[in-house]
Every structure is written in structure tokens, then in C-alpha cells.
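# Descriptive structure summary
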Amino acid sequence: MEDKYKAAGVKRYEELEHPSDVGLRFRGRSLEELFQNAGEGMFSLITDMESVEPIISLELGLEGESSSYEDILIAWLERLLYHFEVDFMLFSQVLVKELIRSKNGYSLKAVLYGERIDRKKHSIMEEIKAPTYQFLSICRDKERRIWEGTVIFDV
Amino acid sequence: MYDREKYTIHRISDYKWEVQMDRTLGMEVPGIIFSDRKLLEHARNENTIGQVVNVAALPGIVRASYAMPDIHFGYGFPIGGVAAFDPEDGGIISPGGVGFDISCGVRVLRSNIEADDIKDDIRDIMSLISYAVPRGTGRGGGIRLSGKDLDGILSGGVDRALGMGYGFKEDKEFIEDKGSMDDADPEYVSQTAKQRGSGQLGTLGSGNHFLEVQAVEEVYDAGIADAFGLFRKQVLIMVHSGSRGLGHQVCSDYIKVMQRASERYGIEVKDRQLAGAPLDSPEGKRYYGAMACAANFAMANRHCLAHRLRHTLEKYLGQSAEKLGLYTLYDISHNIARWETHKVNGDSRKLCLHRKGATRAYGPGSSSLPPQYRQAGQPVIIPGNMGTYSYLLAGTETAMEESFGSTCHGAGRMMSRSRAKKTIDGSQLQKDLENNENIVVIADSMQGLAEEAPQAYKDIDRVVDIAVRAGLSKKVARLRPLGVIKG
């Protein structure tokens, strides 16, 4: 997948400069892919993704509350952080199977692949407290035909 | 995104600047920035002044949107921001004015140990402490709490921790709010937040959190130092931590609640992170109740960390913590909203003070201070960075008049994390600090160490100097790290 992005001259995700915290720009050819790359991008700030094997899988669903793509993105990243903090999980691959906008709001279904934190194997580089609404954006780059998003994490 | 450079700044003194009130920018009050020309320029370039302006536009703000000398770019409020809101005047409460790490703060334990007495043992001591104090995320090691005990900590704070056998009962007197904020209601804290916090009591966390063994290197005010129980070369222990995942989640949960509330109450905010609700609204009260729970958790967290520290030193030095004089000098948060009574135009008014990256600094005579400190003023703990100094200051009368009894909270970041990571080698930094400065540094992540490098922060001496020259605090003592455990 990375190759296709490289061919298009863009990265799936990259760290952004921020005066005090940490920013992430992420891209995707679809909204599902955009959300996947946001999730994987967040974990790439936390640990070396190469060190995380996809041994455990976890299904996840989000429903309710969110009333925009930005809102459900925050809810999605918060949920991933929850599994990191409460279940001690690191995820190297996330697959967003469904991202739906309906009259009842926004919902998402995903499968996460990763393993439990093993301090001998995984270096934890950053503690992310929360994704924030500052500079939060999701937009479509019509020229390049990709979705692009930005989020700042409080660390 | 911000009204960059649309505002006008006047010099009031070399250390106090006014952002002129401008209704076209939505400002209700002026901005007051305690800074010198150089740091002000930095804040301007980072566009942090725009955040001061945005806060000045919030409903019910009283007198001014303040910024302390360590001001830097935050989300919503600037870090170093202080604002008071009046419920009688439609004043609001905003999670963005407190921050994600609710009641992030500092506790200092004093001792009767002299630095020279442990200078050959410092590496062993730091190593033992590093085993006793869980740090970093995703590691566990905290005190596991049942649902009932967690609720007890959320509603009772340090009181409950004392009941569980942690700490000294004398500690309470020396903690802001005596270790327990009123109106804390665990009902208002989500299950997700509780789950995040349930295994994290007594853990340090990471980021800029740390634990240091320090020595008093210089005493500036002998009278106040005496009141605080300080002497030259004395060993102190400083713990910098907060409410961990529980507090982060409370903030995340209520930013969502407040965005809906802002719309409902017709509060226009220039930044979603500034969303808030009137203090007397159901949403405002619920947030206050949940935030107070997180603050209680944070104070109990530092209390349990102190307990673990005492235990470790008792074992290593073979004496009781009482014998070693390991008593709490003070414990204060620098991310909080709390009810305080202040004089405004000669009248006493009950206001909700927001301090985000700012420390309460009550002057002499305040009845909320323990009797031992009442003449001296409140101890203000300014954690510096690992390579230089930390400071102990005292609150002043001037702070009461000029900044609602507030001052700075630390050095304040100067270099972005990504730049620090790129330009600083964590392992080399660790070696340099050990070899050149004689400071033992224990850290899990060299990248994390690089991000917290001394050169990534403002010059602490300069920040403290501005706070002192602006009259917001008195210098009491300068503390030098002997050993650092980086969270």
C-alpha cells in the first residue's frame, strides 16, 4: 500500500511540527483509509511500528454521539488510546471496515491487529494524553484525489 | 486561524504588557502579559498572544485575560493562562482552561538529610526509586482499586488515601484544598475515565512528568526559608505528576459536552478547545464535579507516589521517614479551575479561577495557608528542567492584586518536540548530564529524554526573574537536581 502512496508522492502519515505538542497529518484514498492511517499514524508516534506483530485481533464498533467526521475521528483515536492504556495494547495494523454517515449520526466498524506491550521488545516513545480539536481537519484534496486530515495530540 | 497581529500591545512596565481591549476582536477585557521583551516576542511569533485574545472574549471574564511569564502555545487557553469568571455575570467554566492533565502539579518533600551525606549513594537511591515508582504508559504497577475505592478517591482525594494507609495525616495541611476538593461527584465521571484511572494510582506517567532528588543550592530569603523548613544543602524530593488517564478522559469527555453546551447557550468561541458552559448551568456544574474528582485523584496520586518514595528511602537509609524528616513542604496543582474569593473594585467576589499552566500564589495572611506559612505566604513550586534548577517561591500581596494570586508554573517550552527529537541525542544528553553536571538520569525512552532536554525549555532563571520583578512572587530558594527519574 505504501508504494502506491509513494508513487503519488505523498506519505500515508507524517508528524507535524507544533510549538508544544505533537501533530499528525494523515491521508487516504477513501475515508476508511484516512481513518486507518490516522490510527496507525498515532501508534507510529507511540512506538516503532516495525516492532509490533499483528498477533491479537480486536473488533471495535463506534456508534452514537458523533455528528461529524471530525467528531468520529476524535472518538476513534480516543478508543484506540483506551485500548493502549487499559489493555496495554499496541496496534500495527488497523482496518476500518465501515464508516457510515446516517440520520442517526456517524458509525464505524474496525478490526485492530497488534500485541500486548512487552517492554523488552517495544520502546514507548510518547505518551499521548488525548487527541485535541485544535487545527482538527478532514478535507478532500480534489486535485490529488485523496482525503487529508490533521490532528494535534496533547502529550 | 487567529487574528495575528491585529491586536495592539502596550508596555506597562519592563515586565508587564497590556493587550489593548478591542471589541472588534470580541474582547470583553484586556490581556495582561507578565513577560520581558524577548519572551514576549517569542510568544508573539508563536501566536500565543492570539490565544490570550481569544480567552479575553469569553463570557463573564473578570478584569483581564492573564498570561504568566512562562506563557507558550496551548490548545484553547495558552499554557500560562489565568482567567477568572463571575457566575453573576454569565461567567463560564471551560475544560480548555484547565487542560487535559487536570490538577497536574508538584509535591515537594523536605528532609533533614544533607546532600553531602548521600552523594555516594545517589545512583543506588535513584535506581531503587525507579523500581518502586511505576512510570510510563502501558506498564501498570499502580495501586489496583476496586470500583468503590476508586469512587472514594474521586470524592475524598487524599483523605481516602490516608484511610487506605498511605501517607502521613500531617500531609493534608500542606496540600492545596487539603487534598480534597469540594463538590467532587464520581457520578459525573464516565466509566471509560474510571477504567483508565483504575490501575494508575501511584504512577508517575510520562511526558514532562518527573521525580527528582534535589539539593537546596541557594537560599534567597532566610526568613521565609526558615518558615518552610529549608536550609542550604538540604535534600528535597520533587514529584511532578497529575491525574493520569482518568483526568485526560474527563477532559476529553467534557470538551464534547461543552461544545454542545456552547451552542445551546449561544456562547461563541474562536477555538473548539475553548468551549464552555455557564458556571451555574447543569453542564457547568457537572464538569466542575468531574474535574474536582480528577483533581482529587491527582492529589491522591502524588500522595501515594510520596508514600512509595518514603518507603524506599526508609529501606535504603535504615531510618523511619519521620526520623528522616520526610514531610510534605507543599503540594500544588498548576492545571485547575477552583472557586476563590477575590477583591474586584473593592468588593469581595466569588469567582471561578482557571489556571492552566499557572500556579496559585497567595500572599501572606491568607487563611487558606497552614499556620506555619501564614506570615511567609504560600509556597510556590516551580519545577525547572532536568539540567538546571527548580525554584521555591512564595506568593505575594502584589500577586493577589495583579494576577488573582497567580504566578508561573515552570520554564515553559521553547523548542517543539519534533525539533528537539531531531536535534538532540537523548543518550548523549544523559551522558553529558552525568559527566558534566553530576546528575544521575534514569529514563526509559531516549527520545522522550531528548524532548525534555534543558535546551528545549525557556531559561528558568529568566522566567522566575520576571515573576519576581513583576512582583508576583518572592524568590526563596534555588534547587539543583542530584538525580532525575524521567516519566
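The structure we're discussing is the one just above.
Quick summary incoming for the structure in this document. (Residues numbered from 1 in each chain as written. Chains lettered and ligands numbered in written order. Predicted model: local features only at pLDDT ≥ 70, side-chain atom pairs only at ≥ 80, totals over all residues.)

### Details of the interface of chain B and chain A
Across the boundary between the two partners, chain B contributes 36 residues, which contact 28 residues of chain A. Those elements giving two or more residues to the side of chain B that touches chain A turn out to be α7 (191-197), α9 (244-264), α12 (417-423) and α14 (446-451) of chain B. The biggest single contributor to the side of chain B that touches chain A is α9 of chain B, with six residues. (Contact = placed C-beta atoms within 7 Å. Helix = DSSP H or I, 4+ residues; strand = E, 2+ residues; numbered from the N terminus.)

### Some remarks on the packing of helix α4 (residues 122-132) of chain B against helix α10 (residues 282-317) of chain B
Residue and element names in this part refer to chain B. The N-to-C vectors of α4 and α10 enclose an angle of 135 degrees; their axes lie 10 Å apart at closest approach. Comparing their axes, α10 and α4 come out oblique. The interaxial crossing formed by α4 with α10 has right-handed handedness. Counting all contacts with α4, which are made through Ile125, Leu128, Ile129 and Ala132, the residues of α10 involved are Arg308, Leu309, His311, Thr312 and Tyr316. Residue composition of the contact of α4 with α10, grouped by class: six nonpolar, two polar and one charged. (Axes fitted to C-alpha atoms, helices over the stretch in contact; angles between N-to-C directions. Parallel < 35°, antiparallel > 145°, perpendicular 65-115°, else oblique. Left-handed = near helix turned anticlockwise from the far one by under 90°. Nonpolar A, V, L, I, M, F, W, Y, C, P; charged D, E, K, R; others polar.)

### Structural notes on the sheet that holds strand β5 (residues 105-116) of chain A
Residues and elements named next belong to chain A. An order of β3-β5-β4 is seen for the three strands of this open sheet, with the pairing classed as antiparallel. Edge positions in the sheet fall to β3 (56-62) and β4 (89-102), since each of these pairs with one other strand and no more. The average undirected angle you get between the axes of adjacent strands in this sheet is 15 degrees. Taken together, the seven bridges between β3 and β5 define a ladder with antiparallel strand orientation. By the bridge assignment, leucine 60 is partnered in β5 with alanine 110. (Pairing = 2+ DSSP bridges.)

### Comments concerning the pairing of strand β9 (residues 235-241) of chain B
Residue and element names in this part refer to chain B. Burial analysis of β9 places seven of its seven residues in the buried class, the great majority of the element. Burial along β9 is two-sided: Val235, Ile237, Val239 and Ser241 and Leu236, Met238 and His240, pointing in opposite directions, are all buried. Summarising the sheet, strand β7 (residues 105-109) and β9 pair through five bridges and their orientation is antiparallel. Of the residues in β9, the one forming a bridge with valine 106 is histidine 240. (Buried ≥ 20, exposed ≤ 12 C-beta atoms within 10 Å, placed from the backbone.)

### A short note on unusual backbone geometry
All names here are of chain B. Phi at serine 103 is positive, roughly 55 degrees, even though this residue is not glycine. The topology assignment puts serine 103 in the loop between β6 (92-93) and β7. Of note in this structure, asparagine 438 is not a glycine but carries a positive phi near 65 degrees. Structurally, asparagine 438 is set in the loop between α13 (426-437) and β18 (440-442).

### Some points on the packing of helix α5 (residues 147-156) of chain B against α10 of chain B
All names here are of chain B. Two numbers describe how α5 lies on α10: the axes approach to 6 Å, and their chain directions differ by 100 degrees. Viewed along their axes, α5 and α10 adopt a mutual orientation that is roughly perpendicular. Here α5 contributes Ile153, Leu154, Ser155 and Gly156 to the contact with α10, which in turn contributes Cys293, Asn296, Phe297 and Ala300. Looking at the contact of α5 with α10, its residues break down into five nonpolar, three polar and no charged.

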